[in-house]
Each structure stands twice: as structure tokens, then as C-alpha cells.
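Secondary and tertiary structure notes
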Amino acid sequence: MATKKSVGKKKTGLKRGIKEIKELKMDLITFEVLRNAFVSACYEASTNIEQFAYHPVVGMGRDRSNGILTIDGGLVAHGHTDAAAHYGSFEDSLVNLLKHVSLKSMKPGDAYMFSDPYEVGSHVNDTHLFKPIFSKGELVAFACTVVHWPDMGGPLPGTFNPEATSCYAEGIRIPPIKLYENNKLDEELFRFIDYNIRGGVERRGDLQAQFGGATLIEKRIQDLCEKYGNKTVKLGFEEQFNYTERILFKELDGIPDGEWEFDDYGDQDVMAPGKPPIRVHCKLTKKKRHLTFDWRGSDKAPVGSWGGPRGTLVGANCLGFMIGFPHLFPLNRGITRNVEILSKPGTCVHVVYPSATTGYCSGAFDKVESITIAVMSGMLASTQPWRVYPGSCSLTNLCIGSYNPRTRKNTVQYTFSVGGENARVFKDGKDLIFMRFANAKTIPQELEERWFPILYTRYEGVPDWCGHGRMRGGFPLVRELDVLADGIMTIHGDREVFTPFGIAGGTNGGGGKLIVNKGTDKEQDVGMYATGIRLKKGDHIWFSQSGGGGVGDPRERDPELVLKDVMDGWLSIGAARKYYGVVVNEIDEEALDYRIDIEATEKLRKEMEKTPLPEGRHAHEVHPIGKNIKPGWWPKFEEVQPHITVSRPPGW
């Protein structure tokens with residue numbers, strides 16, 4: 001075991017504070033009030049959307065986000081509980097909006113809708129609404145709200161279409177349009193949208209909540225301008241950037257220069273001959289205070305819907321970066337202007353028109369975010385091992401379109417996946433969580449049963465499906481549900497074959513699965529890329545997600561922790577023996593009387609030293625690159641606790 005290393009002395013809070021005051025161009029109290037007010041306004045808007053949106057995925061599911069931007073497209077702040085996958089798209093989206101609409105033409109009460117994936121950087125379901133904010137006749141900022149509309153038209157309910165080979169098979173793309181004028185909805189324009197999507201009544205409700213969130217941000221900025229003046233508020237924007245930049249530079253000054261590489265794979269390009277896997281590659285270079293993420297070695301754009309446009313790459317890269325440096329929250333221009341991201345148009349991480357994009361989040365976005373975390377972990381492993389992470393569960397999009405006989409309405413069900421979190425060097429990964437990059441929440445099954453013609457019959461963890469390690473990854477959830485009406489199902493996911501990676505000798509997590517009518521003569525393993533599966537009333541769905549990657553050799557895990565997992569039902573006795581070399585005897589299952597055979601365990605672990613765990617990129621194998629990401633030392637929780645009090649902002 002490596003010995004503990006000194007993390008170095010830090011300046012006192014007083015000295016650090018004095019230096020920051022000297023660098024500020026405004027008094028420290030006003031600056032702190034303003035920068036916290038910006039985040040608070042976004043958080044308040046998020047809560048507003050959550051309370052008033054119609055569809056469960058927007059309300060309880062939290063697939064929405066909010067931001068404040070300068071008039072030239074600099075991200076100032078976003079909310080604590082927003083969908084993190086959206087953050088990196090804000091700046092490019094506004095810059096592209098301003099290519100179509102001039103600032104001079106904008107008036108108070110205007111709001112612009114925008115969902116063209118090649119310009120907003122995601123997919124058509126993520127509708128961006130920009131509202132210019134005026135104070136005393138001056139345009140001072142923009143409010144942006146992003147909401148995932150559960151359907152944007154196209155051939156399949158929910159718009160996800162793994163077999164799409166162009167954007168024309170994925171629903172309507174909305175160019176920048178003035179959807180509100182004088183704070184009133186343009187009914188003619190919305191009617192056009194309504195006619196081309198499913199669930200127009202619900203979308204109207206979601207849109208009004210979205211507009212309400214933008215209006216609330218507008219009011220909060222106007223209040224600040226009234227109190228402090230337009231000039232001071234705009235200076236607050238710039239000082240937010242400069243403040244974050246100074247903290248970033250302090251971090252980078254303490255990290256040795258170097259280069260780190262990693263790659264990851266999408267399971268398959270479902271529309272290419274032979275359905276080959278899709279490789280994503282990054283090389284991180286650090287030279288003093290300059291970071292370059294080079295993605296140009298990634299595979300060409302896939303034929304099917306998996307890749308993402310440039311904005312997807314930027315968003316995922318920035319999110320992975322923020323997971324390495326979460327105390328820099330919120331993401332803003334102070335970070336984005338100091339991170340160089342290189343890409344090549346026509347690759348899987350920078351697709352161009354008319355490539356399909358609905359599957360970007362479970363595909364390109366997930367891989368870019370995971371690889372960014374991996375190269376960041378390589379960079380930070382020797383100095384800050386508590387910021388070293390393996391792979392985590394990815395997004396899986398399950399959509400079912402049907403008619404609900406109870407409510408007498410057509411419905412589009414959009415169900416998120418829930419999997420296992422990555423382990424850390426000092427702690428096991430969390431079980432049954434939403435994806436690391438999303439900030440959304442699991443929709444309660446009771447709410448889904450009210451909205452959609454389904455009935456849940458099982459909702460629990462999947463034993464043995466974590467990434468095994470000295471610190472194990474989290475376990476995923478399995479959902480089983482009965483279908484109460486005929487419908488059409490599409491699943492757009494990944495990570496069934498190339499599962500979340502382990503590091504430092506820990507194994508990869510288990511993969512996702514979707515099986516219809518499991519255990520019957522009608523059983524159909526549809527995988528993670530099923531398109532337009534016709535369901536009949538009475539069919540049964542078995543749906544699970546991937547487990548989090550492990551850290552460290554599982555045979556170094558404390559046997560008592562293995563025993564606890566066996567007693568809790570997370571690990572089988574067979575898995576405890578196979579991966580951890582721990583022999584557990586069941587004395588009385590009813591009484592939870594399980595005991596470690598210490599002598600047999602010592603003998604087994606000694607024998608296992610001669611046979612290393614198999615290497616590979618699949619479930620429960622040791623990742624061939626991830627094994628080389630090793631912490632400089634194995635810190636105890638008490639040692640790292642001061643450093644992780646801000647390891648993730650609230651909601652992350």
C-alpha cells in the first residue's frame with residue numbers, strides 16, 4: 001500500500017481573502033451578494049418549472065435547466081438542481097441565436113424558441129427558450145430555460161429513433177423563432193408546432209412553465225439592476241468569470257504538466273454494416289495553466305443515431321471537467337474560456353447536418369463525459385486521489401406510446417434509467433441513483449402508473465451487478481412492469497456491451513438489459529437499441545441499467561464489507577468467492593446468520609494471486625487502460641472529508 005503523501009500547506013483564509021479583495025473591481029460584499037443571487041435566481045426558476053410543468057419527466061423528473069448569460073453569450077450561472085447535460089450548450093446556443101436575430105431587434109417581453117440540434121448542441125427534444133432582459137431600456141442579459149419535451153414528433157412516440165439515419169426521421173427542428181411577444185404566446189406559431197408533435201396540450205403546459213421560469217429570472221435580474229444599477233450588475237458578471245478563473249489557475253498551478261489518454265466505446269452503430277462499435281478517444285495535455293482536450297482521434301460519425309454535434313462535445317467535456325473541480329461551481333465563462341476543446345467535423349463527437357442526434361445523450365455525451373473524467377483522474381491521481389473516478393451508469397431512454405383507457409388520452413411515457421454510481425478511492429459508489437451527468441430525479445412509479453397504462457411489479461436492486469473492487473461501484477435498479485394497453489416501445493441506450501469502466505484493478509460494472517416477457521415462450525431480449533417494438537396488453541417488461549465501476553483489486557477489500565453486502569442481499573455467496581476471494585458460509589438465512597470462513601478465505605486469496613482477473617472492456621473485467629489509473633495513495637475518509645465538502649454542489 002502506498003504511503004500517505006503531504007498535500008502541501010495552503011494560505012490562510014484571511015490572506016487568501018485579502019488577495020481576492022485586491023483583485024476585485026468592486027467591494028467583496030456586493031460581489032458575494034450578486035454571484036449568489038445569480039445562482040439563486042436560476043435555482044428558483046428551476047423550482048418554478050418543477051411545480052408547474054405538466055409531464056412527469058419535466059416536473060418530478062427534472063429534465064430541465066436554467067441559465068443567465070451576458071449579451072455576448074457568456075454563461076454567468078445555472079441552477080443547483082438543473083440537468084447538467086444542458087449547461088455546456090448555453091453559450092453556443094445563444095451565440096448561434098444571435099447569428100439569426102440581431103440584438104437591436106429585440107424588445108422587452110420577447111422570447112425565442114430554438115431546438116435545432118446542430119446549433120443548440122443536443123437533440124430536438126431539448127427546447128431552448130431565450131428571453132432578453134431589459135433594465136431601464138438597456139439590454140443587460142439573457143435568461144435561458146431548457147426543457148426536454150417528451151415528444152417532438154417523428155415516426156416513433158418520444159421521438160427517439162435508434163434507426164434514424166438523418167434528422168428527418170427524428171421530429172421537427174425548431175429554428176430561432178420569436179414565440180412570445182409582449183409576454184404573449186404566438187398562438188399561430190405554437191399551433192404549427194402542436195400539429196407536428198404528440199401531446200400538444202401537455203407541451204403547452206410545459207412551455208408555459210418554461211416561460212414562467214425565464215420570466216422569473218428576468219424579474220430577479222431587474223430587481224438587482226434596480227438596487228445596484230445596470231453597470232454594477234454587468235460588472236458582477238465579469239467579476240464572476242474572473243473569480244472562477246483565479247480559482248482554476250490556483251488548482252492548475254499545483255498539478256504537474258503532462259499528457260493523458262483514454263478511450264471508450266459505444267456498443268454498436270446499429271445502421272452500419274456489421275453493427276461495429278464506436279470508438280471515442282481523447283488526449284488531455286496540460287502545459288502550465290493551459291488545458292487542451294483533443295478528440296480528433298475519435299471514429300467517424302455513425303450511420304445511426306448515436307453521435308452528437310459540437311455543442312454536445314463541449315457540454316460533456318465541461319461537465320466531466322466540473323466533476324474533477326466541482327468547487328468551481330457554477331460552470332461559467334471563467335472556465336470555458338480557459339479550456340481548449342479540439343474536434344473534427346464529421347466524427348462521432350462532432351456530427352454535422354443531417355446526421356441523426358436523438359441518441360446523443362446515451363451515446364456520444366456519456367462517452368465524452370466518462371473519458372473526460374478518466375483523463376482528469378489520470379491528471380489528479382498523484383495529488384488529489386479523492387477526485388479520481390471510474391465509470392458510472394449511463395442514460396437509457398425508454399419510450400412507450402399508447403392510449404390510456406382509464407384517462408381516455410394518448411400518452412407518451414418517457415422513463416429514465418437508474419443505475420449504480422462509480423466507486424471512489426475512499427468509499428463505495430451509491431446504489432440506485434440517476435446518472436452522474438444529469439441531476440434529474442427518478443420518477444416515482446406511483447406517478448407513472450397514474451399517467452400511463454402500466455403497473456409495476458418489481459422495483460429493486462440487481463445483485464452482483466456492481467463493478468467489483470477494493471471499493472465497489474453502486475448497484476443498478478431493475479424495473480418490472482405489466483403493460484395494460486397496446487403500445488409501441490423504443491429503447492435508446494448503450495452500455496450493454498462496453499460497460500462502465502473500473503480503475504486501479506477494479507472491474508467494470510454490469511451492463512443494461514431490456515427483456516420483454518422474460519421467462520416465457522414469448523421472451524424477447526431486445527437490448528438497448530430496440531426500435532418500434534409493438535407491445536400487447538398483458539406483456540411484461542424487465543428493464544435494468546448498468547452498475548458503477550470499481551476501484552482497486554477486489555481481493556484487497558475488507559472481508560467484513562463483503563460479508564455485509566452478502567447479508568444485505570447485494571452480493572451472492574458465489575460472487576463474494578469469485579471476485580473477492582471471501583468464503584462466506586450461510587448458517588441461517590432467516591436469521592441473517594452468515595459467517596466468514598477466515599482460514600478458507602486466506603487460502604483462497606493466496607491461490608487467486610496466481611490468477612489475475614481477466615482484462616477487457618466488458619462486464620466484470622479489468623479495464624486495460626483503467627487499470628493504470630492509480631491513486632497516489634489510499635486516503636481514509638477522515639483525510640479527504642475536508643476536501644469533499646464541496647465535492648459536488650447540492651443536487652449533484
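Please refer to the structure placed before this passage.
Remember, it's a predicted structure, so these values are computed and weren't measured experimentally. (Residues numbered from 1 in each chain as written. Predicted model: local features only at pLDDT ≥ 70, side-chain atom pairs only at ≥ 80, totals over all residues. Heavy atoms only, no water.)

**A few points about the sheet that holds strand β11 (residues 339-342)**
Overall, mixed pairing links the four strands, which are arranged β8-β9-β10-β11 in an open sheet. At either end of the open sheet lies a strand with only one pairing partner, and these are β8 (258-266) and β11. Taken over all neighbouring pairs, the strand axes of this sheet differ in orientation by 15° on average, direction set aside. In the sheet, strand β9 (residues 278-287) pairs with strand β10 (residues 290-294) via five bridges, with the strands oriented antiparallel. Looking at the pairing, Thr285 lines up with Thr292 of β10. Set on the sheet, helix α8 (residues 310-324) makes contact with β10 and β11; between it and β11 the angle comes to about 140°. Contacting β8, β9 and β10, helix α10 (residues 361-380) crosses the sheet at an angle of about 150° to β8. (Pairing = 2+ DSSP bridges. Helix = DSSP H or I, 4+ residues; strand = E, 2+ residues; numbered from the N terminus. Axes fitted to C-alpha atoms, helices over the stretch in contact; angles between N-to-C directions. Contact = heavy atoms within 4.5 Å.)

**Quick word on the nonpolar core**
Formed by 155 residues in total, the largest nonpolar core has its most connected members in Phe38, Ile68, Phe293, Trp295, Phe321 and Met489. Not counting the four nearest positions on each side in its chain, Phe293 is found in contact with Cys282, Lys283, Leu284, Asn317, Phe321, Val339, Glu340, Ile341, Leu342, Thr372, Val375 and Met376. (Core = buried A, V, L, I, M, F, W, Y, C linked by side-chain atoms within 4.5 Å. Buried < 20%, exposed > 50% of the residue type's maximum accessible area, 1.4 Å probe, protein only.)

**Notes on the side chain of Thr507**
With respect to the helices and strands, Thr507 occurs in the loop between β16 (487-492) and β17 (513-516). In this structure Thr507 touches Gly467, His468, Gly502, Gly549, Gly550, Leu613, His620, Glu621 and Val622, once residues within four positions along its chain are discounted.

**So, helix α14 (residues 598-608)**
For α14, every residue scored as buried is listed here: Thr601, Leu604, Arg605 and Met608. Taken end-on, α14 shows its buried residues confined to a sector of 100°, consistent with a single buried face. Turned more than 90 degrees from where α14 packs its buried face, Glu599, Glu602, Lys603 and Lys606 sit exposed. Looking at the buried positions of α14, the neighbouring elements they touch are α12 (559-567), α13 (573-580) and β22 (593-596). Measuring from the side-chain oxygen of the N-cap residue of α14 to the backbone nitrogen of Glu599 gives 3.4 Å; that N-cap residue is Asp597. (Arc of directions from axis to C-beta. Polar contact = N/O pair within 3.5 Å; in protein donor to acceptor, adjacent residues only side chain to side chain.)

**Observations regarding the pairing of strand β1 (residues 64-69)**
Counting buried positions over the six residues of β1 gives six, a clear majority of the element. Side-chain alternation along β1 places Arg64, Asn66 and Ile68 on one buried face and Ser65, Gly67 and Leu69 on a second face that is also buried. By the bridge criterion, six bridges tie β1 to strand β5 (residues 138-148) in an arrangement that is antiparallel. Bridging from a neighbouring strand, Ser65 pairs with Val146 of β5. Note: β1 against strand β2 (residues 75-78), three bridges, orientation antiparallel. Bridge pairing links Ile68 to Ala77 in β2.

**Quick word on the pairing of strand β15 (residues 477-483)**
Among the seven residues that make up β15, six are buried, leaving the element largely enclosed by the rest of the structure. The pairing of strand β14 (residues 454-461) with β15 spans seven bridges and is classified as antiparallel. Considered in β15, the bridge of Arg458 is made with Glu480. Bridge count for β15 against strand β20 (residues 540-544) is five bridges, and the pairing is antiparallel. Considered in β20, the bridge of Glu480 is made with Trp542.

**Let's talk about the pattern of salt bridges**
Counted according to the given criterion, the structure contains 43 salt bridges. Between Glu50 and Arg62 there is a salt bridge, with its nearest N and O atoms 3.2 Å apart. Highlighted residues: Glu50 in helix α2 (residues 28-52) and Arg62 in the loop between α2 and β1, separated in sequence by twelve residues. Relative accessible area serves as the criterion here: at 21%, Glu50 is assigned to the partly exposed category. (Salt bridge = Lys/Arg side-chain N within 4 Å of Asp/Glu carboxyl O.)

**Considerations on the side chain of Ser122**
Position of Ser122 relative to the elements: it lies in the loop between α4 (117-120) and β4 (126-135). One polar contact links Ser122 to Asp126, side chain to side chain, over a distance of 3.3 Å.

**Notes on the packing of aromatic side chains**
In the structure shown here, the tally under the stated rule is 16 aromatic pairs. For the ring pair Tyr360 and Phe365, a centre distance of 6.1 Å and an interplane angle of 90° mean the geometry is edge-to-face. A relative accessible area of 2% places Tyr360 in the buried class. Exposure remark for Phe365: the relative accessible area of 1% places this residue in the buried category. For the pair Trp451 and Phe452, a centre-to-centre distance of 6.4 Å together with 50° between the ring planes defines the contact as tilted. Here the aromatic residues Tyr118, Tyr168 and Tyr353 are joined through ring pairs into a cluster of three or more. Taking NZ or CZ as reference, Arg470 lies 4.2 Å from the ring centre of Trp634, over its face. Across from the ring centre of Trp542, 3.9 Å away, lies the NZ or CZ of Lys518, which sits over that ring. (Phe/Tyr/Trp six-rings, centres within 6.5 Å; stacked < 30°, edge-to-face > 60°. Lys NZ or Arg CZ within 6 Å of the ring centre and 35° of its normal.)

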